[in-house]
Amino acid sequence: MAKKDLDWANIGFGYHQTDKRYVDYFHDGAWEGGKLTDDPNVVLNECAETLQYAQQVFEGMKAYTWKDGSVVVFRPDQNAERMYNSAKRIEMQPYPKDKFVEAIDQVVKGNVDWVPPYGSGATLYLRPYEIGTTPIIGVAPATDYMFRIFATPVGPYYKGGATPVAVQVAQYDRAAPRGTGHVKAALNYAMSLKATVDAHQAGFAENMYLDPATQTYIEETGGSNIIFIDQNNHLVVPKSNSILPSITRRSIVYLAEHYLNLTVEERQVRFDEVPSFKECALVGTAAVLSPVGRIVNGDQVIDLPSGMDKPGKFMEELYNTLTGIQNGEVEAPEGWIHHVM
Ligand SMILES: *Cc1c(COP(=O)(O)O)cnc(C)c1O
């Protein structure tokens, strides 16, 4: 077996059809057991719950090749836990957490030639998801479910890697105060597409969403949480019931406190505080840690002191610590690295 011959450094964030994917079915009150398959296509009844009423939850994580050739996944137990909670919130049969991690192992092993080599900057992105498959026309949860995981090699999500990006404050909301903003579900993305297209057309990498009730507090972007460094060099992390509990963000908070000795403030953050902040970044599995140099809200342009040329000092240290752990160069906190092979 040999690694696929891809231009790993320039691969982008796109779908490549790999060799194996995992599939399991919930039927007659139990999961069948699950196995790898070669078939990338999903065949559904035209009236399947997921097609009509969007009953779907998903996850995202990455596998990395280390210098010694071993292959690891970053904190898959956290994804298993979050997907379990997401499924419960939209009345789906949750996938057992231990089976989730076993399935991840099978998919990585089945696609080992697709795991980008050490030092390439690329990774193998793993996408677990679950859908309601029962044909239902009256609105109700499905009784049958399909759980799948596929893998695709990816480069960095934001072109240019750690080069700062500009974001704009969205003209739409992504989550309601008592809605599903904290749930990793496709439904949160369908309604964000218009805002995303608008942002890209206007030259911005992403939208920053404010709290839907008052437009006062910062929530997150469409697919990443947001963090700041304030004038006291504290890491300031927006807190809200309607932001997605990012595993990257929670990991960064831990590293800031325990590895870099920073003070962390997890609290409601008003948008009008932003002009006093020194650094900003978007954080998530796909974005890793992408520095933000400029934030625009209508006529108001906020240029962060760290600028558009390079990341700020603290974001750079956080980025190096996190990616060092993921690449096996910095010692990880207990339980963060899952060795697959
Ligand atoms: C997945 C996701 C994130 C990032 O979460 P990670 O666990 O760090 O990958 C942030 N915001 C939204 C809306 C997401 O869907």
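Residues numbered from 1 in each chain as written. Predicted model: local features only at pLDDT ≥ 70, side-chain atom pairs only at ≥ 80, totals over all residues. Heavy atoms only, no water.

Labelled according to an unreviewed UniProt entry, the protein chain appears under the name branched-chain-amino-acid transaminase, originating from Lactobacillus delbrueckii subsp. bulgaricus. Heading Sequence similarities (unreviewed entry) of the UniProt record for the protein chain holds this comment: "Belongs to the class-IV pyridoxal-phosphate-dependent aminotransferase family." The record held by UniProt for the protein chain lists under Cofactor (unreviewed entry) the comment "pyridoxal 5'-phosphate". (UniProt positions renumbered as here; feature names shortened; annotations may be inferred.)

Draft legend 1. Inspection of the domain arrangement of the protein chain at higher detail. Domain assignment breaks the protein chain into domain 1 (8–154) and domain 2 (165–326). Relative to domain 2, the C-alpha centre of domain 1 lies at a distance of 26 Å. On the side of domain 2, 22 residues touch domain 1, which itself brings 21 residues to the contact. Counting the surface domain 1 buries against domain 2, the share from its top three residues, Phe58, Phe74 and Arg82, is 35%. Taken together, the connections running from domain 1 to domain 2 amount to zero salt bridges. Linking domain 1 to domain 2 there are ten residue pairs in polar contact (both at pLDDT 80 or more). Of all the secondary structure elements, the ones that give two or more residues to the side of domain 1 that touches domain 2 are strand E4 (56–58), strand E5 (61–65), strand E6 (71–74) and helix H2 (76–89). Of the residues belonging to the side of domain 1 that touches domain 2, the class tally is eleven nonpolar, five polar and five charged. (Domains from an automatic or database assignment. Contact = heavy atoms within 4.5 Å. Buried area = accessible area lost by both parts, 1.4 Å probe. Salt bridge = Lys/Arg side-chain N within 4 Å of Asp/Glu carboxyl O. Polar contact = N/O pair within 3.5 Å; in protein donor to acceptor, adjacent residues only side chain to side chain. Helix = DSSP H or I, 4+ residues; strand = E, 2+ residues; numbered from the N terminus. Nonpolar A, V, L, I, M, F, W, Y, C, P; charged D, E, K, R; others polar.)

Draft legend 2. Just the UniProt feature "modified residue: N6-(pyridoxal phosphate)lysine" (unreviewed entry) in the protein chain, in detail. The residues that UniProt annotates with the feature "modified residue: N6-(pyridoxal phosphate)lysine" (unreviewed entry) are Lys184. One can find Lys184 in the loop between strand E9 (165–169) and helix H4 (187–190). Not counting residues within four places of it along the chain, the set of residues in contact with Lys184 comprises Val57, Phe58, Glu59, Gly60, Arg82, Ser86, Tyr189 and Leu244.

Draft legend 3. Main features of the site of the ligand. By nearness alone, 15 residues border the ligand, and Lys184, Tyr189, Ser246, Thr248 and Thr285 come closest of all. Note that an oxygen atom of the ligand is positioned 2.7 Å from one of the side-chain N or O atoms of Lys184. Backbone polar atom of Ile247 to an oxygen atom of the ligand: 2.8 Å apart, as the coordinates give it. Surface burial for the ligand is 97%, taken as the share of its 380 Å² of free accessible area covered by protein chains. A class-by-class count of the residues in the shell around the ligand yields three nonpolar, eight polar and four charged. (Near = heavy atom within 4 Å. Areas by Shrake-Rupley, 256 points an atom, 1.4 Å probe, with all protein chains shown as cover.)

Draft legend 4. Spotlight on the side chain of Thr133. Relative to the elements of secondary structure, Thr133 occurs in the loop between strand E7 (123–132) and strand E8 (145–154). Beyond its immediate sequence surroundings of up to four residues, Thr133 is in contact with Leu44, Ala48, Glu49, Ala142, Asp144, Tyr145 and Met146.

Draft legend 5. Representation of the environment of Gln106 within the structure. Summarising the element assignment, Gln106 is placed in helix H3 (residues 97–110). Those residues in contact with Gln106 that lie beyond four places of it in its chain are Tyr22 and Leu36.

Draft legend 6. View of the nonpolar core. Core analysis: the largest hydrophobic core is formed by 32 residues, its most contacted members being Val73, Phe100, Ile104, Val108, Leu126 and Phe147. For this core, the secondary-structure elements that each account for two or more residues are strand E1 (21–27), E5, E6, H2, H3, E7 and E8. With six residues, the top contributor of residues to this core is H3. Those residues in contact with Phe147 that sit more than four places away from it in its chain are Tyr22, Val23, Asp24, Trp31, Met83, Tyr95, Phe100, Ala103, Pro128, Tyr129 and Glu130. (Core = buried A, V, L, I, M, F, W, Y, C linked by side-chain atoms within 4.5 Å. Buried < 20%, exposed > 50% of the residue type's maximum accessible area, 1.4 Å probe, protein only.)

Draft legend 7. Just a nonpolar patch on the surface, in detail. A cluster of nonpolar residues, Tyr53, Ile137 and Val139, forms a patch on the protein surface that exposes about 330 Å² of accessible area. Mapping Val139 onto the fold places it in the loop between E7 and E8. The class for Val139 is exposed, based on a relative accessible area of 68%. (Patch = residues over 30% accessible without salt bridge, like charges linked within 9 Å, V, L, I, M, F, W, Y side chains within 5 Å.)

Draft legend 8. Up close: the environment of Val288. Inspection of the secondary structure assignment puts Val288 in strand E16 (residues 288–297). Looking at Val288, the relative accessible area reads 17%, which means it is buried. Filtering out sequence-adjacent residues up to four positions away, Val288 remains in contact with Lys62, Thr248, Leu282, Val283, Tyr319, Leu322 and Thr323.

Draft legend 9. How the structure looks around H3. Between its first and last C-alpha, H3 extends 20 Å over 14 residues, near the 20 Å set by a 1.5 Å rise per residue. Taken together, the buried positions of H3 are occupied by Phe100, Val101, Ala103, Ile104, Asp105, Val107 and Val108. (Expected span 1.5 Å × (residues − 1).)

Draft legend 10. Fine view of the packing of H2 against H3. As a packed pair, H2 and H3 sit with axes 9 Å apart at the nearest point and diverge in direction by 130°. The angle between H2 and H3 falls in the class oblique. Remark: the crossing between H2 and H3 carries right-handed chirality. In contact with Pro76, Asp77, Asn79, Ala80, Glu81, Met83 and Tyr84 of H2, H3 contributes Lys97, Phe100 and Val101. For the contact of H2 with H3, the class distribution of residues is six nonpolar, one polar and three charged. (Axes fitted to C-alpha atoms, helices over the stretch in contact; angles between N-to-C directions. Parallel < 35°, antiparallel > 145°, perpendicular 65-115°, else oblique. Left-handed = near helix turned anticlockwise from the far one by under 90°.)

Draft legend 11. Here's a closer look at unusual backbone geometry. The phi dihedral of Arg75 falls on the positive side, at around 50°, and the residue is not glycine. Residue class for Arg75 comes out buried when judged on its relative accessible area of 12%. Of note in the backbone geometry, Asn233 takes a positive phi value of approximately 60° without being a glycine.

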